[in-house]
Amino acid sequence: MKVDVSLTVDGRHHRLAVDTRTTVLDALREHLDVTSPKKGCDHGQCGACTVLLDGRRTLSCLSLACAHDGAEITTADGLAPDGELHPVAQAFLDHDAYQCGYCTPGQICSAVGMLAEAAAGAPSIVSGDLTAPVDLDRAEIAERLSGNLCRCGAYAHIVDAVSEVAP
Amino acid sequence: MKPFAYERPDDAARAVATVAADTGAVFLAGGTNLVDHLRLGIAAPSTLVDVTGLTSAEITDLPDGGLRIGAGVRNADLAADERVRRRYPALAQALLAGASGQLRNMATTGGNLLQRTRCSYFQDLTTPCNKREPGAGCAALEGWARHHAVLGATHEPAGVACVATHPSDMAVALVALDAQVHVLGPDGERTVPAGRLHRLPGDDPARDTVLAHGELITAVDLPPSAIAARSAYRKVRDRASFAFALVSVAAALDVDAGGTVRDARIALGGVAHVPWRATAAEQALVGGPATDDAFRAAARAELVDARPVESPRGGTAFKLPLVTATLAATLRDLAVREETA
């Protein structure tokens, strides 16, 4: 069964007819040639497919395109205007926060979404006091980014990079 | 993935009528478990009925001082709610201990309650599983049993055996906090206590809950509770984050000035087919001293009828001392906090 959906991806509007089984990840990669979100596990366990969907970090591999008609999607590619780097992406470069780079677009989208959540006061399980202001120390950053796996093990540098852009 | 139709009715009543009338139809909410099941082949519905936007995504104050959580409230939003953090900290902690930041942004309150076991044999179509295919047998009994049950499981006969555990953290807190679940069915509304929503496998392990096909969770009520403000959730898992519980404890404790336990609420995760309300442990505690020995004795009282999985390739006997230690640590922490409050 095919359904028509419209998606705004990195500021561009698209209308496409997709099979109901098509995930947002496959719609982006296979239908729209937007390849910065990566397919890692395809089961919601690795975070490589993370995008910002209506402003929130979301796993595109577990999101059906038909259920997200009208969504605004930002991928790592669309975080900054052409030719520029988002501050989080720049921090990843400056801190050598990757090795093979496959998980990096998901890591960056996740970090951008996480920083917004923390700025809104959302606690984490390692926050000692659930009602205290958020202090993004290394333990907080590691916990809040635990949905993004890095098989190369660049975690120490990822935390360095995110620490630099954290308030 | 098998082909399916996708529908988005205008309201919850129409969604319920659509699913109730079609045994092949299922509700879709956040999709974090269902979409994975479609891909794994565990679920092969003919129609997905999307209920996103059809149940409330708001948390509202109830006249009695409690809170009503719409079934569509995302896990991240529930954990971040100021009232939940202050008045029901065990619930906020349970939510934050579960899954990952991305998944918590997607998963809903209703969907979290109805997520299915992560038993690796249930998720692996090449192995026998009575929950997935009634009568097939249970591979976990002879397999790599680690995330499996110690309480209330069915070990025999082989055709109905099931030692799966319920994976939700949130549900453990809701059971400890005496939440009520509102359900809409084709014949109208009903309310089910959170502690009665899930069922033990018995001789029908395919059924996770008492809900009939077509019944939709619309909201969850948290009753007003002074003890809930002194509650906590503690989770033990194989890695520091983003892993299901081996054992978890949601507890609330009220201790008087003389150090005697006035009241206690305890539920256990990772030990049974249901979020396990530990009534024997609660009864053992009330009226006694808030000491480590008493906490451990209460855990042992709860585990009197425990039966771990004893598989040649691992087992769950390790959970018995783990439940005792985790429950004691949770209660000790709550008692100390109360002393210093």
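Small disclaimer: the values here were computed from a predicted structure and weren't measured.

**Details of the sheet that holds strand β8 (residues 216-222) of chain B**
The strands that make up a sheet are held in pairs by hydrogen bonds between backbone atoms, and each pair lies either parallel or antiparallel.
All names here are of chain B.
At step 1: Read from one edge to the other, the open sheet built from 5 strands follows the order β4-β5-β8-β6-β7, with strand pairing classed as antiparallel. Of all strands in the sheet, those with a lone pairing partner are β4 (59-61) and β7 (188-193), marking the two edges. Strand-to-strand twist across the sheet, computed as the mean angle between neighbouring axes with direction ignored, equals 25 degrees.
At step 2: As judged from the 4 bridges shared by strand β5 (residues 67-70) and β8, these two strands associate in the antiparallel manner. Each residue of the ladder has a partner; that of R68, found in β8, is D221.
At step 3: Sheet strands touched by helix α1 (residues 12-20): β6 (180-185) and β8. Its angle to β8, the strand with the most contacts, is close to 130 degrees.

**Description of the interface of chain B and chain A**
At step 1: Contacts between the two partners involve 30 residues from chain B and, on the opposite side, 31 residues from chain A.
At step 2: Secondary structure elements with two or more residues in the side of chain B that touches chain A: β1 (5-7), α2 (34-40), α3 (75-80), α4 (82-87), α5 (89-97) and α6 (101-106) of chain B.
At step 3: Partitioning the side of chain B that touches chain A into residue classes produces 16 nonpolar, 9 polar and 5 charged.

**Examining helix α11 (residues 292-302) of chain B**
Since the α-helix advances by 3.6 residues per turn, residues separated by three or four positions end up pointing in the same direction.
Residues and elements named next belong to chain B.
At step 1: Of the positions making up α11, those classed as buried are F295, A298, A299 and E302. The arc that holds every buried residue of α11, seen down its axis, measures 100 degrees, which confines them to one face.
At step 2: In this fold, the buried residues of α11 make contact with α10 (279-285) and α12 (319-340).

**Section: the confidence of the model for chain B**
Atomic detail in the predicted coordinates should be set aside for any region of low pLDDT.
At step 1: Confidence along chain B averages 97 in pLDDT terms, with 100% of residues attaining 70 or more.
At step 2: This complex was scored by the predictor with a pTM of 0.98 and an ipTM of 0.98.

**Quick word on the sheet that holds strand β3 (residues 50-53) of chain A**
Residues and elements named next belong to chain A.
At step 1: Ordered by their spatial adjacency, 5 strands build an open sheet running β2-β1-β5-β3-β4, and the pairing between neighbours is mixed. This sheet does not close on itself; its edge strands, each paired only once, are β2 (12-19) and β4 (56-59). On average, each strand axis in the sheet is inclined to that of its neighbour by 40 degrees, with strand direction left out of account.
At step 2: Of the strand pairs in this sheet, strand β1 (residues 2-9) and strand β5 (residues 72-74) are connected by 2 bridges, and their pairing is parallel. Bridged to V9 within β5 is I73.

**Quick notes on the UniProt feature "domain: FAD-binding PCMH-type" (unreviewed entry) in chain B**
At step 1: Following the UniProt record, one finds the feature "domain: FAD-binding PCMH-type" (unreviewed entry) at residues 1-227 of chain B.
At step 2: Along residues 1-227 of chain B one finds 26% helix and 16% strand; the C-alpha atoms at either end are 47 Å apart.

**A word on the pairing of strand β11 (residues 261-269) of chain B**
Residue and element names in this part refer to chain B.
At step 1: Here β11 lies mainly inside the structure; 7 of its 9 residues are buried.
At step 2: Examined bridge by bridge, β11 and strand β12 (residues 276-277) share 2 bridges and lie antiparallel to one another. Looking at β12, one finds that A267 is bridged to R277.
At step 3: Hairpin connection between β11 and β12: a loop of 6 residues separates the two successive antiparallel strands, and G270 in this loop has a positive phi of roughly 75 degrees.

**Notes on helix α3 (residues 104-119) of chain A**
At step 1: The end-to-end C-alpha separation of α3(A) is 22 Å, in line with the 22 Å expected for 16 residues at 1.5 Å each.
At step 2: Just past α3(A), the residue G121(A) takes up positive phi, approximately 95 degrees.

**Comments concerning the domain arrangement of chain A**
Residues and elements named next belong to chain A.
At step 1: Looking at the assigned domains, one finds that chain A contains domain 1 (2-75) and domain 2 (83-165).
At step 2: For domain 1 and domain 2, the distance between their C-alpha centres works out to 22 Å.
At step 3: Contacts between the two partners involve 14 residues from domain 1 and, on the opposite side, 12 residues from domain 2.
At step 4: If you list the elements that add at least two residues to the side of domain 1 that touches domain 2, you get β3 and β4.

**Here we look at the environment of P81(A)**
At step 1: Looking at the secondary structure, you find P81(A) in the loop between β5 and α2 (87-94).
At step 2: Taking the C-alpha atoms as reference points, P81(A) and G11(A), 70 residues apart in sequence, are found 9.9 Å from one another.

Rules used throughout
Residues numbered from 1 in each chain as written. Chains lettered and ligands numbered in written order. Predicted model: local features only at pLDDT ≥ 70, side-chain atom pairs only at ≥ 80, totals over all residues. Pairing = 2+ DSSP bridges. Helix = DSSP H or I, 4+ residues; strand = E, 2+ residues; numbered from the N terminus. Axes fitted to C-alpha atoms, helices over the stretch in contact; angles between N-to-C directions. Contact = placed C-beta atoms within 7 Å. Nonpolar A, V, L, I, M, F, W, Y, C, P; charged D, E, K, R; others polar. Buried ≥ 20, exposed ≤ 12 C-beta atoms within 10 Å, placed from the backbone. Arc of directions from axis to C-beta. pLDDT = per-residue confidence, 0-100. UniProt positions renumbered as here; feature names shortened; annotations may be inferred. Expected span 1.5 Å × (residues − 1). Domains from an automatic or database assignment.

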